[in-house]
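Chains, contacts and geometry: an overview
One-letter residues, chain by chain:
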Amino acid sequence: MSAASTETSAPLPTAGGRVFFQGAPPGVGCVSSGPINGEDPVQKKQGKVTVKYDRKELRKRLVLEEWIIVELSKLYDCEEEEMPEVEIDIDDLLEVNSDDERASKLQETLIDCYKPTENFVSELLCRIRGMRKLSAPTKKGL
C-alpha cells in the first residue's frame, strides 16, 4: 500500500461512538450509499434511455398519433374505446415510396368507415411528409 492510501483511511477522532474516515467527498469514489447530488438514480437512468432516441422526432410522432386518434373518433363517431380496430402504422407508411401508394394503403385501412376519408388521408399524408422512420435505439459501447 502507498502512503496516500493510508492517509485517506486513517481514523479521525470519534464522536458519540461513531468513527469517521477522511476520504473523498460524497459522490466521488467507487461505491455510494445514496443518490448523487440529491437526484433519484432511477430518474437519471430513464434520462439516459430517452437520450438515445431523437426527442424531437418522438414528440412529432406523439403529436401525430394523438391527432390521428382525434380524427378517427370523428370519422367513426365514437370514443377511442368504442372505435373499431384500425391500425395505422406510420413507419409502414413512411416505407412506401409515393403518396398515391400511401393514400391507397390508408383507404384500405379505413374501408369500414362510412364517412368520407379523403380529407383525413390528405391531411395525414401532409403531416408525415418529412418525418423519418423510427429505429430502435443503438447501444453505446461499454
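As shown above, the structure is provided for reference.
A few points on the structure. Starting from 1, residues in each chain are numbered consecutively following that chain's sequence as written. With the structure being a predicted model, the display of local features is reserved for residues of pLDDT at least 70 and the display and counting of side-chain atom pairs for 80 or more, all residues being used for whole-chain, interface and lining totals. In computing side-chain values, all of the structure's heavy atoms are included and hydrogens and water are not.

Now for the nonpolar core. In terms of nonpolar packing, the biggest core is built from 23 residues, with Ile68, Leu72, Tyr76, Ile88, Phe120, Leu124 and Ile128 touching the most fellow members. For this core, the secondary-structure elements that each account for two or more residues are α3 (55–75), α4 (90–95), α5 (99–109) and α6 (118–128). Here a residue-residue contact requires only that any non-hydrogen atoms of the pair lie within 4.5 Å. Filtering out sequence-adjacent residues up to four positions away, Leu72 remains in contact with Met83, Val86, Ile88, Leu110 and Phe120. Definition used in this section: a nonpolar core is a set of buried Ala, Val, Leu, Ile, Met, Phe, Trp, Tyr and Cys residues joined via side-chain atoms within 4.5 Å. Partly exposed describes any residue whose relative accessible area lies between the buried limit of under 20% and the exposed limit of over 50%, with all areas from a 1.4 Å probe on protein chains only and scaled to the type maximum. Runs of E in the DSSP output that reach at least two residues are strands. Runs of H or I that reach at least four are helices, and both are numbered from the N terminus.

Each axis is a line fitted through C-alpha atoms, and for a helix only the stretch in contact is used; angles between axes span 0 to 180 degrees, taken between their N-to-C directions. Where α3 meets α6, the closest approach of the two axes is 12 Å, and the angle between their N-to-C directions is 180°. Put simply, α3 runs roughly antiparallel to α6. Contacts between α3 and α6 involve Leu64, Trp67, Ile68, Glu71, Leu72 and Leu75 on the former and, on the latter, Phe120, Glu123, Leu124, Arg127 and Ile128. The nonpolar class holds Ala, Val, Leu, Ile, Met, Phe, Trp, Tyr, Cys and Pro. Asp, Glu, Lys and Arg form the charged class, and all remaining residues, Gly among them, are polar. Of the residues in the contact of α3 with α6, the class split is 8 nonpolar, no polar and 3 charged. Should an angle lie under 35 degrees it is considered roughly parallel, over 145 roughly antiparallel, and from 65 to 115 roughly perpendicular; all remaining angles are considered oblique.

With that settled, consider the layout of surface pockets. Lining residues are defined by having an atom within 4 Å of a point belonging to a cavity or pocket. Those points lie on a 1 Å grid over the protein atoms alone, cavities being sets where a 1.4 Å probe fits but cannot get out and pockets being open sets with protein on both sides within 12 Å along at least five of seven lines. Grid points are joined across faces, edges and corners, and a volume is the space filled by probe spheres set on the points. Looking at the largest pocket, its volume works out to about 240 Å³. Along the wall of the largest pocket there are 14 residues; nearest its centre are Ile68, Ile69, Leu72, Val86 and Ile88. For the lining of the largest pocket, the secondary-structure elements that each account for two or more residues are α3 and α4. In terms of residue class, the lining of the largest pocket is built from 8 nonpolar, no polar and 6 charged.

Cysteine sulfur atoms are paired as a disulfide whenever they fall within 2.5 Å. Within the structure shown, the criterion is met by 0 disulfides. The closest cysteine sulfur to the non-disulfide-bonded Cys78 is located on Cys113, 9.4 Å from its own sulfur.

Time to look at unusual backbone geometry. Non-glycine residue Asp77 carries a positive phi angle of around 50°. Mapped onto the fold, Asp77 is located in the loop between α3 and α4.

What follows deals with a negative patch on the surface. Here a patch means residues that are over 30% exposed by relative accessible area and free of salt bridges, tied together within 9 Å if like-charged and within 5 Å if nonpolar (Val, Leu, Ile, Met, Phe, Trp, Tyr). Residue exposure ignores everything except the shown protein chains as possible cover, and the areas themselves are Shrake-Rupley values with a 1.4 Å probe. Salt bridge, as applied in this entry: a Lys or Arg side-chain nitrogen positioned within 4 Å of an Asp or Glu carboxyl oxygen. Neither His nor the chain ends is counted toward charge; the positive residues are Lys and Arg and the negative residues Asp and Glu. The location of each charge is read from NZ of Lys, CZ of Arg, CG of Asp or CD of Glu. A surface patch of like charges, here negative, comprises Glu79, Glu80, Glu81 and Glu82. Structurally, Glu80 is set in the loop between α3 and α4.

It is worth spelling out α3 at this point. Here the expected length of a helix is defined as 1.5 Å per residue gap, with one fewer gap than residues. The end-to-end C-alpha distance of α3, which contains 21 residues, comes to 30 Å, matching closely the 30 Å that a straight helix rising 1.5 Å per residue would cover. Among all positions in α3, only Glu57, Arg61, Leu64, Trp67, Ile68, Glu71, Leu72, Ser73 and Leu75 are buried. On the buried face of α3, the contacting elements are α4 and α6. Asp77 occupies a position one or two residues after α3 and carries a positive phi of about 50°.

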